[in-house]
Amino acid sequence: MADRYWVGGTGTWDGTSTTNWSASSGGSSGASVPTAADNVFFDANSNVGTGAFTVTMATTPRVCNDITISGLDGAMTLAGSAIGLTVSGSLSFPATNFTPTYTGTTTFSTANTGRTITSNGVAFPGSITFIGGGAWQLQDALTTPVINAVTLSSGSLDLNNKTLTCGQFASNNSNTRSIAFG
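Residues numbered from 1 in each chain as written. Predicted model: local features only at pLDDT ≥ 70, side-chain atom pairs only at ≥ 80, totals over all residues. Heavy atoms only, no water.

**Some remarks on the nonpolar core**
Test applied: The set of buried Ala, Val, Leu, Ile, Met, Phe, Trp, Tyr and Cys residues whose side-chain atoms join them within 4.5 Å is what this entry labels a nonpolar core. Type-normalised accessible area, obtained with a 1.4 Å probe on protein chains alone, sets the label of each residue: buried when under 20%, exposed when over 50%, and partly exposed for intermediate values. Secondary structure elements follow DSSP: runs of H or I no shorter than four residues count as helices, runs of E no shorter than two count as strands, and numbering proceeds from the N terminus. The criterion used for residue contact is that any of the two residues' heavy atoms lie within 4.5 Å.
By size, the foremost hydrophobic cluster in this structure holds 36 residues, and its most contacted members are Trp13, Phe42 and Ile67. Counting only elements with at least two residues in this core, the list comes to β4 (39-42), β5 (53-57), β7 (67-69), β8 (76-79), β9 (85-87), β14 (128-131), β15 (135-138) and β17 (149-152). Per-element tally for this core: the top contributor is β5, with three residues. Once residues lying within four places of it in the same chain are set aside, the contact partners of Phe42 are Trp6, Trp13, Trp21, Val55, Ile67, Thr68, Ile69, Ser70, Leu72 and Met76.

**Brief notes about the side chain of Ser153**
Summarising the element assignment, Ser153 is placed in the loop between β17 and β18 (155-158). For Ser153, a relative accessible area of 17% translates into the label buried. Not counting chain neighbours up to four residues away, the residues in contact with Ser153 comprise Thr129, Phe130, Ile131, Asn173, Asn175 and Arg177.

**Thoughts on the sheet that holds strand β12 (residues 106-109)**
For the record, the criterion: Think of it this way: DSSP has to see at least two bridges between two strands before they count as a pair. Axis angles are defined between N-to-C directions and span 0 to 180 degrees, where every axis is a line fitted to C-alpha atoms and, for a helix, only to the segment in contact.
The strand order β6-β9-β12-β14-β17-β20 describes an open sheet built from six strands, whose pairing is parallel. Of all strands in the sheet, those bounded by a partner on one side alone are β6 (62-64) and β20 (168-170). Strand after strand, the sheet turns through a mean of 15° between neighbouring axes, direction not considered. Bridging between β12 and β14 involves four bridges; their strand directions are parallel. Bridge pairing in β14 links Thr107 to Thr129.

**A few points about the pairing of β14**
Summarising the sheet, β14 and β17 pair through three bridges and their orientation is parallel. The residue of β17 that forms the bridge with Thr129 is Thr151.

**Brief notes about the packing of aromatic side chains**
Counted only if it meets this: When two rings of Phe, Tyr or Trp (its six-membered ring) have centres within 6.5 Å they constitute a pair, described as stacked for plane angles under 30 degrees, edge-to-face for angles over 60, and tilted for the intermediate range.
Evaluated as defined, the whole model comprises eleven aromatic pairs. Look at Trp6 and Phe42: their rings are 5.9 Å apart centre to centre, the planes differ by 35°, and that puts the pair in the tilted class. Residue Trp6 is located in strand β1 (residues 3-6), and its partner Phe42 is located in strand β4; the two are separated by 36 residues in the primary sequence. Taken as a pair, Trp6 and Phe42 share a single burial class, namely buried. With 6.5 Å between their ring centres and 65° between their planes, Phe108 and Phe124 make a pair best called edge-to-face. Here Phe124 lies in the loop between β13 (115-118) and β14 and Phe108 lies in strand β12, a separation of 16 residues in the sequence. For Phe124, a relative accessible area of 0% gives the class buried. Here the aromatic residues Phe93, Phe98, Phe108, Phe124, Phe130 and Trp136 are joined through ring pairs into a cluster of three or more.

Note that all results are geometric; they support no functional claim without further evidence.
Spelled out as structure tokens, the structure:
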């Protein structure tokens with residue numbers, strides 16, 4: 001398990017390029033591409049200067065353990081056409097300077113408990129799926145566009161008295177799963 005920090009501003013997050021990955025915030029590029037066991041960070045040192053930058057996910061799915069986007073000093077867009085993001089840990093989006101436009105599914109996949117999702121009012125651009133039998137807790141409201149679904153295939157989803165807004169909620173299988181409304 002390692003920490004990976006995005007550096008260098010606009011670039012492509014794919015399965016092989018190390019151009020924009022560092023082992024430290026603002027450090028030298030060339031660190032390995034994040035795996036499902038690695039934590040991913042986007043912060044004030046991710047872009048060049050304070051300008052806007054775009055991280056385009058390529059080859060699906062892009063994977064990580066935790067993903068934390070915080071302290072951005074320029075507007076960041078997380079893009080990708082039909083590209084999904086698979087998170088094995090927790091997720092935290094910032095309330096400002098961030099727009100996700102990727103069109104694939106965000107999949108939360110773990111067998112572990114104690115995972116959190118903090119969206120800070122940022123709507124997910126596509127569908128959301130929970131798999132692996134883990135446990136996730138919302139830290140604030142979770143929203144997807146009305147045409148997209150949230151699917152609880154296995155595990156436990158604790159809404160924690162927060163609002164879940166989606167076009168469809170699905171959980172129709174024989175897997176062990178639960179939802180707590182609070």
